[in-house]
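Residue strings, one per chain:
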Amino acid sequence: MYDPQLVQPMRDELTALGVQELITPDDVDGAMRQPGTTLVFVNSVCGCAAGSARPGLRLSMMGEKKPDRFVTVFAGMETDATARAREYFKPYRPSSPQIALMKDGQLVKMIQRQDIEGHTPDSVGRALQEAYDANC
């Protein structure tokens, strides 16, 4: 587990946007049972989360179409909640960061670390917006 003070700014970056933190497996299950679309952001301390994933998410939220709700788990912190979220992402392997778009509890779009690392926030945001346009 990381130092909670170290990760707080990374949490704040998302919660300031209105993204809801999921702390327990029950929180995750509750979010997945909600009808409609849910974006699940697996937050991380890595550079690609800071440089591309979180800024890309922020950009994607500026579009007209967007999911009904945005939620997040933090890899390396709430390990049980993160593990539960990843059960919904099968057959995709865990990666950090990782962004999943769920519709009525079913995975409709996955963005893995390899889709984020080395990409700009604009390209991550554009990929998310395309997923919103198709599914929201």
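This text goes with the structure placed above it.
Enquirer: Explain empty space enclosed by the protein to me, please; I cannot follow it from the model alone.
Expert: To find the voids left in a structure, one rolls a probe of water-molecule size over its atoms. Per the stated rule, a full pass over the model turns up one cavity of 30 Å³ or more. As for the largest cavity, its lining consists of R11, E21, L22, I23, N43, T72, V73, F74 and E78. In the lining of the largest cavity, the residues fall into four nonpolar, two polar and three charged.

Enquirer: What am I meant to see in the sheet that holds strand β2 (residues 37–43) here?
Expert: In a beta sheet, neighbouring strands are held together by backbone hydrogen bonds and run either parallel or antiparallel to one another. Strand order in the open sheet formed by five strands is β1-β3-β2-β4-β5, and the pairing between neighbours is mixed. On the outer flanks of this sheet lie β1 (20–21) and β5 (106–111), each paired with one strand and no other. Two strands pair when backbone bridges link them, and strand β4 (residues 98–103) and β5 are joined in this way by five bridges, in the antiparallel orientation. Residue pairing for β5: K103 is matched across the bridge by Q106.

Enquirer: Is there a simple way to think about the packing of aromatic side chains in this case?
Expert: Aromatic ring pairs are reported here in terms of the distance separating the ring centres and the angle at which the planes meet. Evaluated as defined, the whole model comprises one aromatic pair. For the ring pair F70 and Y132, a centre distance of 6.3 Å and an interplane angle of 80 degrees mean the geometry is edge-to-face. Placement of F70 in strand β3 (residues 69–74) and of Y132 in helix α6 (residues 121–135) is noted, with a sequence separation of 62 residues between them. An identical accessibility class is assigned to F70 and Y132; each is buried.

Enquirer: Which parts of the structure should I look at to understand unusual backbone geometry?
Expert: Excluding glycine, residues mostly have negative phi values, and the peptide bonds linking residues are mostly trans. Along the chain, K90 connects to P91 via a cis peptide bond; the corresponding omega equals 20 degrees. With respect to the helices and strands, the residue P91 is situated in the loop between α4 (79–87) and β4. A cis amide bond links S96 with the next residue in sequence, P97, at an omega value of -5 degrees. By the secondary structure assignment, P97 is in the loop between α4 and β4. For D104, which is not glycine, the phi torsion reads 50 degrees and is therefore positive. In this fold, D104 is placed in the loop between β4 and β5.

Enquirer: It is not clear to me how the pairing of β3 should be interpreted in this structure. Could you clarify?
Expert: Residues in a regular strand project their side chains so that they alternate between the two faces of the sheet. Buried residues dominate β3, accounting for six of its six residues. Burial along β3 is two-sided: R69, V71 and V73 facing one way and F70, T72 and F74 facing the other are all buried. Pairing of β1 with β3, which is carried by two bridges, proceeds in the parallel orientation. Bridging across to β3, Q20 finds its partner in V71. With six bridges joining them, β2 and β3 adopt parallel strand pairing. The residue of β3 that forms the bridge with T38 is R69. Once you follow β2 into helix α3 (residues 47–60) and on to β3, the crossover reads as right-handed.

Enquirer: Can you help me understand the nonpolar core in this one?
Expert: Grouped together as the largest cluster of nonpolar side chains are 19 residues, with contacts concentrated most on L39, L57, I99 and L128. When contributions to this core are tallied by element, the ones reaching two or more residues are β2, α3, β4 and α6. By size, the runner-up hydrophobic cluster in this structure holds 15 residues, among which are L22, V28, A75 and M102.

What counts as what
- Residues numbered from 1 in each chain as written.
- Predicted model: local features only at pLDDT ≥ 70, side-chain atom pairs only at ≥ 80, totals over all residues.
- Heavy atoms only, no water.
- 1 Å grid on protein atoms, 1.4 Å probe; cavity = no way out; pocket = protein on both sides within 12 Å on 5 of 7 lines; lining within 4 Å.
- Points joined across faces, edges and corners; volume = space filled by probe spheres on them.
- Nonpolar A, V, L, I, M, F, W, Y, C, P; charged D, E, K, R; others polar.
- Pairing = 2+ DSSP bridges.
- Helix = DSSP H or I, 4+ residues; strand = E, 2+ residues; numbered from the N terminus.
- Phe/Tyr/Trp six-rings, centres within 6.5 Å; stacked < 30°, edge-to-face > 60°.
- Buried < 20%, exposed > 50% of the residue type's maximum accessible area, 1.4 Å probe, protein only.
- Right-handed = clockwise from strand over helix to strand, strands pointing away.
- Core = buried A, V, L, I, M, F, W, Y, C linked by side-chain atoms within 4.5 Å.

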